[in-house]
Amino acid sequence: MSAGIVDIATAKPGRTIDNDHFASIGLTDEWIRRRSGIGARNWLPDETPLAEVAAEACAPVVTRMDASSSIDALIVVSTSVRQRIPGIAQKVAHLAGLRPSVLAFDMNAACCGFVYGLVTGLSLCEAGQARSVLVCSVEAMSRLVDRTDRQTACLFGDGSAAVLLEDREEFAGFCRVAGCDGSQEGLMRETDAGGIHLDGMQVYDRAVRRMSESAQYLFDHGPAPTVVIGHQANSRILEQVRRFTAHLGVPFVNRIENSGNTSSASIPLAFAAELDAGSLPATGRLGAVAYGAGEAWGGVSVDYRVPKVTTP
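Counting of residues starts from 1 at the beginning of each chain's written sequence and follows it residue by residue. pLDDT decides what is reported in this predicted model: residues at 70 or higher carry local features, side-chain atom pairs at 80 or more are listed and counted, and totals for whole chains, interfaces and linings draw on all residues regardless. The side-chain figures draw on all heavy atoms in the structure; neither hydrogens nor water molecules are used.

## Regarding the packing of helix α5 (residues 200-220) against helix α6 (residues 235-244)
If you want to describe how two helices pack, look at the angle between their axes and the distance between the axes. Axis definition: a line fit to C-alpha positions, over the contact stretch in the case of helices; interaxial angles, taken between N-to-C directions, run 0 to 180 degrees. Helix numbers and strand numbers start at the N terminus; a helix is a DSSP run of H or I with at least 4 residues, a strand a run of E with at least 2. α6 packs onto α5 with a crossing angle of 40 degrees between their chain directions and a minimal axis gap of 9 Å. The angle between the axes of α5 and α6 places the two elements in the oblique class. Both α5 and α6 take part in a crossing whose hand is right-handed. Side by side, α5 and α6 meet where Tyr-204, Ala-207, Val-208, Met-211 and Ser-212 of the first sit next to Arg-236, Ile-237, Gln-240, Val-241 and Phe-244 of the second. Between 65 and 115 degrees an angle is taken as roughly perpendicular, under 35 as roughly parallel, over 145 as roughly antiparallel, and anywhere else as oblique. Here a crossing is called left-handed whenever its near helix is offset anticlockwise from the far helix by less than a right angle, and right-handed whenever the offset is clockwise. Residue contacts are defined here by distance: any two heavy atoms, one from each residue, within 4.5 Å place the two residues in contact.

## So, the environment of Glu-295
Along the polypeptide, Glu-295 turns up in the loop between β13 (283-292) and β14 (296-305). Here the alpha-carbon distance between Glu-295 and Met-188, two residues 107 residues apart in the chain, equals 7.9 Å. When residues no more than four places from it in sequence are discounted, the contact partners of Glu-295 are Gly-179, Cys-180, Asp-181, Gln-184, Glu-185, Leu-187, Arg-206 and Arg-210. A 3.5 Å cut-off defines polar contacts: any pair of N or O atoms within that distance qualifies, except that in protein one atom must be a possible hydrogen donor and the other a possible acceptor, and neighbouring residues in sequence count only when both atoms are side-chain atoms. Here Tyr-291 takes part through its side chain, which lies 2.4 Å from a polar atom of the side chain of Glu-295.

## As for the pattern of salt bridges
For this document, the term salt bridge refers to a Lys or Arg side-chain nitrogen within 4 Å of an Asp or Glu carboxyl oxygen. In this structure the tally under the stated criterion is 17 salt bridges. Put simply, Arg-168 and Glu-166 hold a salt bridge, and the shortest N to O gap is 3.2 Å. The exposure class of Arg-168 is partly exposed, given its relative accessible area of 25%. Taking the shortest distance from any N to any O, the salt bridge between Glu-274 and Arg-255 comes out at 2.6 Å. Relative accessibility decides the category of a residue: with a 1.4 Å probe and only protein chains considered, values under 20% of the type maximum give buried, values over 50% give exposed, and everything between is partly exposed.

## Observations concerning the side chain of Ser-132
As for its position among the elements, Ser-132 is in strand β6 (residues 132-140). Looking at Ser-132, its side chain comes within polar contact range of the side chain of Glu-166, at 3.2 Å. Aside from chain neighbours lying at most four places away, what touches Ser-132 is Met-65, Ser-70, Ile-71, Asp-72, Ala-73, Cys-125, Leu-164, Leu-165 and Glu-166.

## Structural notes on the state of the cysteines
Disulfides are defined as cysteine sulfur pairs within 2.5 Å. Per the counting criterion, the structure on display carries zero disulfides. Cysteine Cys-112 is unpaired, with the sulfur of Cys-111 as its nearest cysteine sulfur at 8.7 Å. Judged by relative accessible area, Cys-112 falls into the buried class, the value being 0%.

## A look at the nonpolar core
Residues grouped as a nonpolar core are buried Ala, Val, Leu, Ile, Met, Phe, Trp, Tyr and Cys residues, joined through side-chain atoms within 4.5 Å. Within the largest apolar cluster, 38 residues are counted, with the highest numbers of intra-cluster contacts made by Phe-22, Ile-196, Ile-237 and Tyr-291. If you list the elements that add at least two residues to this core, you get β8 (175-180), β10 (196-198), α5, α6 and β13. Beyond its immediate chain neighbours, meaning those up to four positions away, Phe-22 contacts Ile-17, Leu-27, Ile-32, Arg-41, Trp-43, Ala-153 and Cys-154. If you look at the next biggest cluster of nonpolar residues, it comprises 37 residues, including Leu-118, Leu-124, Ala-130 and Ala-288.

Listed below in structure tokens is the structure:
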């Protein structure tokens, strides 16, 4: 058997921040939309623990399972967890109602984290080391940015999404491509003074190339995806990737307008939004491609069969 996605749920707590919020630093709605395609994003209260947000996304999936004891692993993917010891995966497992014997660990691959998490979870399932794996991305990027920085303050949003992976006879094997280049770590990084530095033109060019190449690889190796979702970094990046992959002949998702860049959570949040809107069927094959700090990039194609209800 092969593993695929069998459930998904999301959490976008906090308050909605529209573009008018940034008038105080000299940004207009028109300027932000033209540069990024973003109209609004959610920001969590600073005091809200990320473990609680992740558990809010995981809990509906756990509740809908016939036997939650069959979840053998939990992978919590996040760029924005500030607490190093302990990580939050064990707390998320506890809050979401998973059994104490579950394998739970944190992962950070920046904006490419969900792709890395999927590859890890699918590999555990297909190797027979787990019956089911829960992969949860949770981000509070608003806590990392300098909110007075005109380049980055308006870009990022917060939220969480969780997918359940499981072996089923009807699923085809997953396909993956991934890579990294540590010599490019300076392109996107957290600064010592606080905030996020982006080398805009370099990031744009490399993100478009890496995500386009990853999408092509997924179509050249194994069953073709029925939809491609790129990391929701910036609408201009997404539209360029769409143009470069148009010959593949499948929908390419751009859901950044009302979410902003939610780092590792952006792909599953966009996936859930498409399912909820009825833009995607409940059965298909997802192609997920991402590029992020590190630098890290990659793609994965995986079959999915999910319930119609995807959000709490």
